Amino acid sequence: MEFLPFTRPAIDEATIQAVSDVLRSGWITSGPKVQAFEAQLSELMGGRVVRSLNSGTAALEIALDLIDIQPGDEVITTPLSWVATANVILLAGAKPVFVDVDPHTRNIDLNLIAAAITPRTRAIIAVDLAGLPVDRDTLYALADKHRLRVIEDAAQSFGASWNGRAIGSFGDLVAFSFHANKNLTTGEGGCLVLPDPALAPLCEKLRLQGVVRSADGSMEVDIAGGKFNLTDIAAAIGLGQLPHLTEFTEGRRELARHYFAKFDTALNCELPLADFANSNWHMFQVVLPLARMSIGRGEFIARMKARGIAVGVHYPPIHLFKLYRSLGHSEGQFPHAERIGAGIVTLPLFPAMGMQDVERVCSACSEVLNEVLS
Ligand SMILES: *Cc1c(COP(=O)(O)O)cnc(C)c1O
C-alpha cells in the first residue's frame, strides 16, 4: 500500500509552468511576481498593506522590530508552538514570558495572560495552533486594556477566519508562513500584514539591508536591515497556489469532518476542538492516552509507519528545550502544554488525500492502540 505522508504540498502543472517561465525570464529574484503576489495577498487581507518575506520567521522578526522591541522588554506567548515563535523574542534581546494553553483549543489561555503582565510587558505573540484561531475579540480587548501590541503568529492559519473575517484582514501585525508544509506554500516564504501603510517603508528597509533607492538610481542607507526578500521563483509558486486557497481549505475541512466521524472515541485520545467555522484545519492532531498505554509515543509512531502511515509531532513544549531550560524553565510550569506536548501526534491531512485515506489512518490507530491500551 502506498506510503501516506502527514502532509504534501499541492502544486499543479500550471504552477510548474509558471516557475519555468520565471526561470527563463532572466529575472529570478524579487521582481514583478513578488509585486503581483503582494497585490493579491493585500486583496485577501481587505486591502491592508502586505509585504512578502522569505520566511514566516522573518515576518515575526520584522514585526518585533517594527514595534521597537528592546532588550529587557517582555513578550507573552505560548509554550506550545514551533520554536521560531519564542526564538525571535530572544533574538530581539527580549524575554519570552510563557503562558499555559487552554486544553480545549491548545492555544494560549487568554484567561491567564493578565496575571503574566508586568510593567515590562510590551506585546503578545498569539499563535493559531493547527490553524484554529485564538479568540480575536478577547485577545484584542485584553491588549487594548493593558496597552499591549499584538503580533499574530498566523503561520498556520492562512485561509482561516474569525467570525467571518479572514485572518490577516484585521488586527495588529499578522505574520504568515509559506513554508512547504503550510496550507499555502511558496517552498519557503512568508509575509507580514501591516496595521498601518505608514509602516511599509520601514518594513521594506528591514527586509533588505536598510536600502532606500531613489528614482535617479542613487541609494541611501540609514539602518542595518536584514536579508529577507522573497524571490520571483517563490512568488510564482504562491501565485499558482492562491486560486486554490478556498478549495484547499474546504478540502481539509471535509477530511477533518471525516476524521471526527471515523476516529474511534473509545481509544481515549483527545480529539481537537471541532471548529468548522473558523479553522483552516492546518493539522488534525490527537493527544495519545499515554498513561494508559504500554508503549510510548515513539513506538506508536513506529507502528504507524510500519503500516505505511507517517505521523508527525507538533510540538514538544518550547520551555523544555535545553536553551529555554538554561533560561530558568523546567517541568511543571505549564502542565497543559507539557501534557499535550508529550502526547500530541499529527495525523495525515492534506488536500490530495481521500476519504479512504482518513479511514485507513483511523483503522491503523485502532489496531495499534487496541493492542497497547490497558
Ligand atoms: C512555520 C511556523 C513558523 C515559522 O515559519 P517559517 O516560514 O518556517 O519561518 C512560525 N510559527 C509557527 C507557529 C509556525 O508553524
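Residues numbered from 1 in each chain as written. Predicted model: local features only at pLDDT ≥ 70, side-chain atom pairs only at ≥ 80, totals over all residues. Heavy atoms only, no water.

Caption draft 1: The arrangement of unusual backbone geometry in detail. With an omega of 15°, the peptide bond running from His 314 to Tyr 315 counts as cis. With respect to the secondary-structure elements, Tyr 315 resides in the loop between helix H9 (297-306) and helix H10 (322-325). In the Ramachandran plot, Gln 209 falls in the positive-phi region, its phi being about 60° despite a non-glycine side chain. Note that Gln 209 resides in the loop between helix H6 (200-207) and strand S10 (211-213). Overall, the relative accessible area of 40% leaves Gln 209 in the partly exposed class. (Helix = DSSP H or I, 4+ residues; strand = E, 2+ residues; numbered from the N terminus. Buried < 20%, exposed > 50% of the residue type's maximum accessible area, 1.4 Å probe, protein only.)

Caption draft 2: The arrangement of the domain arrangement of the protein in detail. Per the domain assignment, the segments making up the protein are domain 1 (13-242) and domain 2 (244-372). Its C-alpha centre places domain 1 at a distance of 26 Å from the equivalent point of domain 2. Roughly 3100 Å² is buried in total at the junction of domain 1 and domain 2, and carbon and sulfur atoms are behind 59% of that figure. On the domain 1 side of the contact with domain 2, Phe 98, Arg 106 and Asn 183 bury the most area, a combined 22% of that side's loss. At the boundary of domain 1 and domain 2, one finds zero salt bridges. (Domains from an automatic or database assignment. Buried area = accessible area lost by both parts, 1.4 Å probe. Salt bridge = Lys/Arg side-chain N within 4 Å of Asp/Glu carboxyl O.)

Caption draft 3: Structural context of the pattern of salt bridges. Under the counting rule described, the total for this entry stands at 14 salt bridges. We note a salt bridge from Glu 254 to Arg 257, for which the minimum N-O separation is 3.6 Å. In this pair, Glu 254 and Arg 257 both sit in helix H8 (residues 245-262), three residues apart, roughly one turn of the helix. Of the residues examined, Arg 257 reaches a relative accessible area of 39% and is grouped as partly exposed. Connected via shared salt-bridge partners are Glu 38, Arg 51, Glu 204 and Arg 207.

Caption draft 4: Structural context of the environment of Asp 109. Of note, Asp 109 is situated in the loop between strand S3 (95-98) and strand S4 (121-127). Owing to a relative accessible area of 14%, Asp 109 belongs among the buried residues under this scheme. Sequence-distant contacts of Asp 109, that is, excluding residues within four places in its chain, are made with Val 99, Asp 100, Val 101 and Asp 102. (Contact = heavy atoms within 4.5 Å.)

Caption draft 5: Expanded view of the packing of H8 against helix H12 (residues 355-372). As a packed pair, H8 and H12 sit with axes 9 Å apart at the nearest point and diverge in direction by 35°. For H8 against H12, the interelement crossing comes out right-handed. Residue-level contacts link Glu 254, Leu 255, His 258, Tyr 259 and Lys 262 of H8 to Met 355, Val 358, Glu 359, Val 361 and Cys 362 of H12. (Axes fitted to C-alpha atoms, helices over the stretch in contact; angles between N-to-C directions. Left-handed = near helix turned anticlockwise from the far one by under 90°.)

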